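Summary of the model geometry
Below, each chain spelled out in residue letters.
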Amino acid sequence: MTQTAKAAIPEKPVRMTQAEKIERLKTQWTETERVILRRRSVRLYKKAQVPEFMVKRILEAGRFAPSAGNCQPWKFVVVREPEIIDGITETVIGICKTFRAVLDYRRPGFSWLRPLAKAFIRLRHSDLHPVPFGAINLIADRRLGLYHGAPTVVFIFKDVRGVSSPELDCGIAGQNMVLAAHSMGLGTCWVGFAKLAFERTDEWRKRLNIEYPYKFGSSLAIGWPRGRPDGMIERQTHPVDWYENGRKTVYC
Amino acid sequence: MARFSVLEKILVPTYDDPNEMTPGQVAFDYEKCGGCSLCVQACPADTLLFEDKKPYLKPPGKNECMACADCVAICPEGAIRLTRGYRFTKYFKTIDHGELRGPRLCADE
């Protein structure tokens, strides 16, 4: 074990002084930053399967994520069976159709539903935020896929007994895996909508043997991208309050 | 002054009212566009149309752009630009969202 670990450590790079390192940073991104900044959610995949060892490497990136109290409150489930991936997708489509029938007041002739739907939206504000509300409609219409034809899906289940916020820890582990995958030239997409298939029915919990203390956290589509979806884009800045030297400034 | 009034904390916007929901917006440079349709296929909101081998943003009322810029990134010709982020009101009022900027090296001082 020790030997493999040793063998994996790369040779030391040419020594640079800290000042030199800082000078270089002023003009170029690090390799890691480049992966972070170029990562886009990929929704177009090739059919070709991802080599098994690459998926295992991605799982390693998840395994070494930081977690509260080092409690590692996660269970990863790799699914490379189209029948399961498609089955979960069909279940989610069915549930989205039901949700739409009950909640979508935007359909002609359904404006009477608005106050009721709005009360429900306010109650479940994060699940029924305008973006997922639109997505429910798109998924029900099959205009938005769930896994987009990705040949590998990693499900992240959280151990509800985890320290502090197990869901957050699962998010950290998941993003580690996402960044590792993109650094290998793969594409990924976070797919939270699969929650419906695990929380609104027990079919898939039973099928994948998910029981207490595990609960659905999120899932990741992984595959070879079609086209070149990764790249830098523009995005909103967010004001950052900055306290230093006895005063507050706002950095945007 | 509080950022949210009591009503804003209680009421959710009407999802099909353009006064309460402003979707994102992208602009196409049709001189550069090669008509490959990758942007249309990549759009998670199904909000791009493909007609006469060119992409178009769906008209107001049908536009559900969430300004993810996946289309911008996938375009092999660099022909798409994000021109506006989304903006919601009332309970989902968009706050602390500034201008659209690319990644910055932040080394200019």
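In this text the structure is predicted, and so the values were computed from the model without any measurement.

A few words now on the interface of chain A and chain B. Contacts between the two partners involve 33 residues from chain A, matched on the other side by 34 residues from chain B. Broken down by secondary-structure element, the contributors of at least two residues to the side of chain A that touches chain B are α6 (114-123), α7 (130-140) and β5 (235-236) of chain A. Ranked by residues supplied to the side of chain A that touches chain B, first place goes to α7 of chain A with five residues. For the side of chain A that touches chain B, the per-class residue count stands at 13 nonpolar, nine polar and 11 charged. One ladder, built from two bridges, connects β5 of chain A with strand β7 (residues 100-101) of chain B; its direction is antiparallel.

On to the packing of helix α5 (residues 82-103) of chain A against α7 of chain A. Residue and element names in this part refer to chain A. Orientation of α5 relative to α7, taken along the N-to-C sense of each, is 120°, at an axis distance of 8 Å. Accordingly, the angle class assigned to the pair α5 and α7 is oblique. Between α5 and α7 the crossing geometry is left-handed. Seen from α5, the contacting residues are V92, I93, C96, K97, F99 and R100; seen from α7, they are I136, N137, I139 and A140. Its residues assigned to classes, the contact of α5 with α7 comprises seven nonpolar, one polar and two charged.

This part takes up the packing of helix α4 (residues 52-63) of chain A against helix α8 (residues 166-183) of chain A. Residues and elements named next belong to chain A. Contact geometry for α4 and α8: axes closest at 7 Å, N-to-C directions at 140°. Relative to α8, the element α4 is oriented oblique. Pair α4 / α8 crosses with right-handed handedness. Residues R57, I58, L59, A61 and G62 of α4 form the contact with α8, whose participating residues are A173, G174, N176, M177, A180 and A181. Per-class residue counts for the contact of α4 with α8 are seven nonpolar, three polar and one charged.

Calculation rules
Residues numbered from 1 in each chain as written. Chains lettered and ligands numbered in written order. Predicted model: local features only at pLDDT ≥ 70, side-chain atom pairs only at ≥ 80, totals over all residues. Contact = placed C-beta atoms within 7 Å. Helix = DSSP H or I, 4+ residues; strand = E, 2+ residues; numbered from the N terminus. Nonpolar A, V, L, I, M, F, W, Y, C, P; charged D, E, K, R; others polar. Pairing = 2+ DSSP bridges. Axes fitted to C-alpha atoms, helices over the stretch in contact; angles between N-to-C directions. Parallel < 35°, antiparallel > 145°, perpendicular 65-115°, else oblique. Left-handed = near helix turned anticlockwise from the far one by under 90°.

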